[in-house]
Amino acid sequence: MNEGRQSPKLIFEEKKAIKLFLWLFYIFFITYSLFWCFIIPKYTTYGDPDYAREGLGVWLYIAILALLPLSIYFCKRGNPYIVKYIILYSFIFTDIIDNLLRYFGTNKPFASGNIVELILVFFAPIFVNKNYFWTVSLAIIGKYIFLGIVLQDADVLSPIVITMILTVISFILLIRFSSYILSLNIAHEELRQKEKLALIGQMAAAIGHEIRNPLASLKGFAQLQHERYPEQSDYYPIIIQEIDRIDIIVNDLMFIGKPKGIYIEQTNMKNIIEYTISIMRQQANAQNIQIESSYTEDLPLIECDEKHLKQVFINLLKNAIEAMPDGGTIKINVQYLEDAEIIVSIEDEGCGIKNEDIPNLTVPFYTTKKSGTGLGLVVTNQIIKEHNGDINMESELGKGTKVTVTLPVWQKI
């Protein structure tokens, strides 16, 4: 469980786990003491009837029981995460003091240990926290190593070995729990993504066409007025440019909401890239940007939807250009791998992207650009997924971004 996220749901789940943990801890602690002091010595040759009178004696139980109201206090204050650490450290500390008082300076063989140590080890995976798990394991093993050194008693080797074996078993459970929760989180995020896309689809279906019709009229009227009044050329191009920008946004919404069917045909990837460069060349030149391209010799034909892939690389090249307002060089490289994959990399020298922002770039409406819509990379990612491909981004602030698109040569759609 991620303790860094103080969401009400996580706090609620942690409180439930802490309540169960406290119940088991105190029930086993008290029951074990009763059996070891009274029941076992009465019917067997084992146990220690003087156990409660030696060491810390009754103060051991007072100290441990005093932790209960403290634990309840932290749970009510909304910080249940600290409770398991308080119980662990307090128990280890008091148990060390108790054992030193019992055995230090005596000839009595070391015969200590409490069944609650099993609760600590086996319950650790329930919290799904690797830091806490290793803290428990190392604390218990470290306790016995410390007592063995101070008391100079080799009998501590037995509980050390047993604790190590139990730690391995508990670690396997922790891995299983972590994998299960990770799978649930991935499924939840995918469901959220699909819900967002479905919402966008409903929006697009409801208003997409209604927006397009008046946009076409506005653009035609602006062009007509520009021809009639050429002396006011500073205004009409801006109007037409902004109308085109709105039209691009509507197109992205329409594509996400109602994806078009893929028409698979054999196409040369080099032709797709060269077409993309020719489309974006004017915008690149206006910003003093050079576009360099390189290709592996004898590139095979790739089965894809040519129009959709052109849209992908136009979006990626457009992002690279917009990230370089001061000019620079964009490098495009196309490689063919022996395992029937084509890799296209687009590397710019722009402002770069924060590492924490990269996973969110394919989330609808999430953007790092001032004038961005957060839809371009959503469309791009969706098209690549429909082609059974993959997209990867590497970026460093102030140095640039490298986008790598991997596509299979032969499609199975």
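In short, a report on the structure. (Residues numbered from 1 in each chain as written. Predicted model: local features only at pLDDT ≥ 70, side-chain atom pairs only at ≥ 80, totals over all residues. Heavy atoms only, no water.)

Scanning the protein chain from N- to C-terminus turns up 11 helices and 7 strands. For the protein chain, with 413 residues in total, the buried portion stands at 39%. Here the analysis covers contacts within the protein chain between residues at least 6 apart in sequence; of these, 72% occur between residues at least 24 apart. Accessible surface, the protein chain: about 23800 Å² in total, of which carbon and sulfur atoms supply 60%. (Helix = DSSP H or I, 4+ residues; strand = E, 2+ residues; numbered from the N terminus. Buried < 20%, exposed > 50% of the residue type's maximum accessible area, 1.4 Å probe, protein only. Contact = heavy atoms within 4.5 Å. Areas by Shrake-Rupley, 256 points an atom, 1.4 Å probe, with all protein chains shown as cover.)

Bringing the pattern of salt bridges into the picture now. Taken as a whole and assessed by the stated rule, the structure comprises 6 salt bridges. With a closest N to O distance of 2.3 Å, Glu117 and Lys143 form a salt bridge. In this pair, Glu117 is assigned in helix α5 (residues 116-123) and Lys143 in helix α6 (residues 130-151), connecting sequence segments 26 residues apart. Judged by relative accessible area, Glu117 falls into the buried class, the value being 7%. With its nearest N and O atoms 3.1 Å apart, the salt bridge here joins Glu306 to Lys310. Of this pair, Glu306 and Lys310 are both found in helix α10 (residues 306-322), 4 residues apart, which corresponds to roughly one turn of the helix. Accessibility expressed as a relative area gives 19% for Lys310, which makes it buried. (Salt bridge = Lys/Arg side-chain N within 4 Å of Asp/Glu carboxyl O.)

Moving on to the sheet that holds strand β2 (residues 289-295). Ordered in space as β2-β4-β5-β7-β6, the 5 strands form an open sheet in which the pairing is mixed. Only two strands of the sheet have a single neighbouring strand rather than two, namely β2 and β6 (390-396). Pairs of neighbouring strands in the sheet enclose a mean axial angle of 15 degrees, with direction left out of account. As paired strands, β2 and strand β4 (residues 328-337) are joined by 7 bridges and run parallel to one another. Across the sheet, the residue bridging to Ser294 is Asn333, located in β4. Running at roughly 170 degrees to β2, helix α9 (residues 269-286) makes contact with β2, β4, β5 (341-347) and β7 (400-408) of the sheet. Of the strands in this sheet, β6 and β7 are in contact with helix α11 (residues 376-386), which crosses β6 at around 140 degrees. (Pairing = 2+ DSSP bridges. Axes fitted to C-alpha atoms, helices over the stretch in contact; angles between N-to-C directions.)

Here we come to a negative patch on the surface. On the surface, Glu292, Glu347, Glu349 and Glu394 cluster together to form a negatively charged patch. With respect to the helices, strands and loops of the structure, Glu347 is situated in strand β5. You can call Glu347 partly exposed: its relative accessible area is 38%. (Patch = residues over 30% accessible without salt bridge, like charges linked within 9 Å, V, L, I, M, F, W, Y side chains within 5 Å. Lys, Arg positive; Asp, Glu negative; His and termini not counted. Charge placed at Lys NZ, Arg CZ, Asp CG, Glu CD.)

Within the largest apolar cluster, 42 residues are counted, with the highest numbers of intra-cluster contacts made by Phe21, Ile64, Ile87, Phe91, Leu120 and Tyr132. Those elements that place two or more of their residues in this core are α1 (8-43), α2 (58-65), α3 (67-76), α4 (83-103), α5, α6 and α7 (157-228). With residues near it in sequence (within four places) discarded, Tyr132 still touches Phe21, Lys84, Tyr85, Leu88, Leu120, Ala124 and Phe127. Residues Leu317, Ala320, Ile321 and Ile384 belong to the second largest nonpolar core, which totals 38 residues. (Core = buried A, V, L, I, M, F, W, Y, C linked by side-chain atoms within 4.5 Å.)

Summed over the entire model, instances satisfying the criterion amount to 15 aromatic pairs. On the numbers, 5.5 Å between centres and 80 degrees between planes, the contact of Phe127 with Tyr132 is edge-to-face. In this structure, Phe127 and Tyr132 share a single accessibility class: buried. Note on Trp134 and Phe171: the rings are 5.3 Å apart at their centroids and 40 degrees apart in plane angle, and the pair reads as tilted. Taken together, the residues Trp134 in helix α6 and Phe171 in helix α7 connect sequence positions 37 residues apart. A relative accessible area of 39% means that Trp134 is categorised as partly exposed. Across the ring face of Phe127, the terminal group of Lys84 is positioned such that the distance to the ring centre comes to 4.8 Å. The ring centre of Tyr132 lies 5.6 Å from the NZ or CZ of Lys84, which sits over that ring. (Phe/Tyr/Trp six-rings, centres within 6.5 Å; stacked < 30°, edge-to-face > 60°. Lys NZ or Arg CZ within 6 Å of the ring centre and 35° of its normal.)

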